[in-house]
Amino acid sequence: MRFVWLFLASVLAVHVGNGAAQAQRTAPPFFAFVLFGEGTDGKPVPMVRSVAERATACPALRSSHSGTFVTLTPRQRPAGGQFDDVLVCEARYPIGESASVFLGDRRIDLPVVSLGTPRRVVLVGDSGCRGDTKDKPQPCTGDGFANVWPFGTMADEEVGNRPDLIIHVGDYNYRGTPRGMVVPARVSGYGRDMSVSFYDTGDLDDEDEPDLPIGAAYWSQNMEGSPIPDKWAYWRDDFFLPAARLLPVAPWLLSRGNHELCSRAGPGWFFLLDANSTLLGPGAKQQECPPQTPPGWQLGAWPQPPALPFAGQVFPTLTNAPFRLKFGKLNIVAVDSANAADAVLFNLDLYIGQYREVARLLAEDRTPTWLVTHRPIWGVVKRDKGGPLSPTPYGFVNETQREAVRRVFPDGLPPHVKVVIAGHMHRFQAIGFDSRQPPHLAVGTGGMELSHVQPVPSPEHPKRPVRVPGLDRSDAFVVGLRDFATMVVNPVEDGTWTSALYGTEGGVLAVCDSRWPGPGHARSVCELK
């Protein structure tokens, strides 16, 4: 049995193949899926979440076992009106049986969820489309779609080979998250329009300009009066429509990327996809972004320059605490790295605290563990695009997490951490260490325009790993690919795992085995095919 992805030709040509998806052509879009969160009792909680455009009432969930109907509960919309056209509802989802969500005469069938060790895990990330931007435009429809934005779904003939879990490593919404905006004079009162860059702590893949808008100002596309606030239409077109076939196939673990910062698509993230919910138990609640406009600022009467928004104040950001999902003989710890600076140390104290919590989780349970985070801890880039200058031609991203991990784990991550899984870099990169450090996978190949492979492989031996000295005080062996792809990982009960990277035509681009790297092995965790 093989597992293949079929990448779609356009958003308008999504072939879902069931009644609910066919109805989306004539009715407002309606989606449902299962996602995991950690309950307040420490146990994984599967939740069904429905997303329905122009709905006035929540749908109902019917279990295949009992046949009883449970009406879902609405989630709180973000303020501002940009999500008033979509109703998001949720409920706890049964374990060990399938269920269906009904909205009027429309139905979406959902999978059987198990809390045992998953046997087949799909990794995907960085799946959005940039659109018609000034810099590096990326077509999202039409003839260029299949070659430039191939985020899609499983092939029809492979639907029966459903995974047990899908992990998205973040960055869902690109066309709705530009790097800056022009603030109209009518909003600021300055007498002229003003160009500003939004808060982000670096997006330093090798094709990006190394600007760092993290100084004294905090500009947000969700400030009052913004001409481009986060809104449902961006999320619908960039994630939900192209993922319509994939969403109900298996339960999801959803990681937050830097495009989901509160200064960007954060309002939609916390409304639509974030796992925080009252369903997780006593004291749990839905999260939301803090107000993105400073107190006292009024439309048309902002303080005159050199006044800057939030200068001298704490930026209105929000970072989720790490959480852990226990699945039989495998634990997964998720870290929200959206606010971790790539090439400089920024928010370091925050992430030292985050990784102290990771250390606590790892110390109390020595089950084999995967660490999932959007920004790589040990991503290798060109020296001039991230990381401090050094005698080598390489730089390392993410500097903030890398330093936090070094301080919290001076002897390295404990041996029961079996892999670090990330995205953020718009290419595939696999790292094996010539030490006991766990291997590192970056699978940012879900749809965004791809970046070039770094470090550059040998022209004579393009598939041979590149040795990178001094990565986390150890030699590392790195392979990479510039291909749209998704990865299927197969965990084993003893904590080891194997995986394969599949391209858009279903062919195997790389195979991986967690047993390959290690002291004296001089090899990566993956081999290119």
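What counts, and where the lines are drawn
Residues numbered from 1 in each chain as written. Predicted model: local features only at pLDDT ≥ 70, side-chain atom pairs only at ≥ 80, totals over all residues. Heavy atoms only, no water. Disulfide = S-S within 2.5 Å. Helix = DSSP H or I, 4+ residues; strand = E, 2+ residues; numbered from the N terminus. Buried < 20%, exposed > 50% of the residue type's maximum accessible area, 1.4 Å probe, protein only. Pairing = 2+ DSSP bridges. Core = buried A, V, L, I, M, F, W, Y, C linked by side-chain atoms within 4.5 Å. Contact = heavy atoms within 4.5 Å. Axes fitted to C-alpha atoms, helices over the stretch in contact; angles between N-to-C directions. 1 Å grid on protein atoms, 1.4 Å probe; cavity = no way out; pocket = protein on both sides within 12 Å on 5 of 7 lines; lining within 4 Å. Points joined across faces, edges and corners; volume = space filled by probe spheres on them. Nonpolar A, V, L, I, M, F, W, Y, C, P; charged D, E, K, R; others polar. Polar contact = N/O pair within 3.5 Å; in protein donor to acceptor, adjacent residues only side chain to side chain. pLDDT = per-residue confidence, 0-100.

(A) Structural context of the state of the cysteines. Scanning the model with the defined rule gives 3 disulfides in all. Disulfide pairing is shown between C262 and C289; the S-S distance is 2.2 Å. Its S-S torsion of about -85 degrees marks the bond between C262 and C289 as left-handed, since a negative value means left-handed. Linking C262 in the loop between β15 (252–254) and α5 (266–272) with C289 in the loop between α5 and β16 (323–327), this pair joins segments that are 27 residues apart in sequence. The disulfide that involves C512 links it to C526, with 2.0 Å between the sulfurs. In this structure the cystine formed by C512 and C526 twists about its S-S bond by roughly 100 degrees; its chirality is therefore right-handed. Taken together, the residues span a long stretch of sequence, with C512 in strand β28 (residues 508–513) and C526 in strand β29 (residues 526–528) at a distance of 14 residues.

(B) Just the pairing of strand β13 (residues 180–183), in detail. Because side chains alternate across β13, one face comprises the buried residues M181 and V183, and the other comprises G180 and V182, none of which is buried. As judged from the 4 bridges shared by β13 and strand β14 (residues 194–197), these two strands associate in the antiparallel manner. If you follow M181 over to β14, its bridge partner there is V196.

(C) Main features of the nonpolar core. Core analysis: the largest hydrophobic core is formed by 52 residues, its most contacted members being I167, I332, W370, F428, L441 and M487. At 4 residues, the largest contribution of residues to this core is made by strand β2 (residues 30–38). Beyond its immediate stretch of four places on either side in the chain, I332 contacts L165, I167, L253, F323, R324, L325, F327, W370 and V372. V122, L246, V488 and A500 belong to the second largest nonpolar core, which has 48 residues in total.

(D) Molecular detail of the sheet that holds strand β25 (residues 476–481). Taken in spatial order, the 8 strands of this open sheet run β16-β17-β18-β21-β23-β22-β25-β24, and their pairing is mixed. Looking at the sheet topology across the chains shown, the edges are occupied by β16 and β24 (466–468). Each neighbouring strand pair of the sheet contributes to a mean axis angle of 20 degrees, computed without reference to strand direction. Running over the sheet, helix α6 (residues 348–364) touches β16, β17 (330–335), β18 (369–373) and β21 (417–422) and is turned about 170 degrees from β17.

(E) Geometry of empty space enclosed by the protein. Enumeration over the complete set of coordinates arrives at 3 cavities of 30 Å³ or more. Here the second largest cavity defines a volume of roughly 50 Å³. Every residue lining the second largest cavity is listed: V453, P455, P457, P462, K463, R464, V466, V478, V479, G480 and L528. At 3 residues, the largest contribution of residues to the lining of the second largest cavity is made by β25. For the lining of the second largest cavity, the residue count by class is 8 nonpolar, 1 polar and 2 charged.

(F) The arrangement of the environment of T486 in detail. Here T486 is to be found in strand β26 (residues 485–491). Of the polar contacts made by the side chain of T486, one reaches the backbone oxygen of L123; its length is 2.7 Å.

(G) Broad picture of the confidence of the model for the chain. Looking at the chain, pLDDT values average 88 and 87% of them are 70 or higher. Here residues 1–24 scores under 50 on pLDDT; set against residues more than four positions off or in separate chains, the count is 74 contacts. Low pLDDT, under 50, characterises residues 153–160; the predicted model gives this stretch 23 contacts beyond four residues in sequence or across chains.

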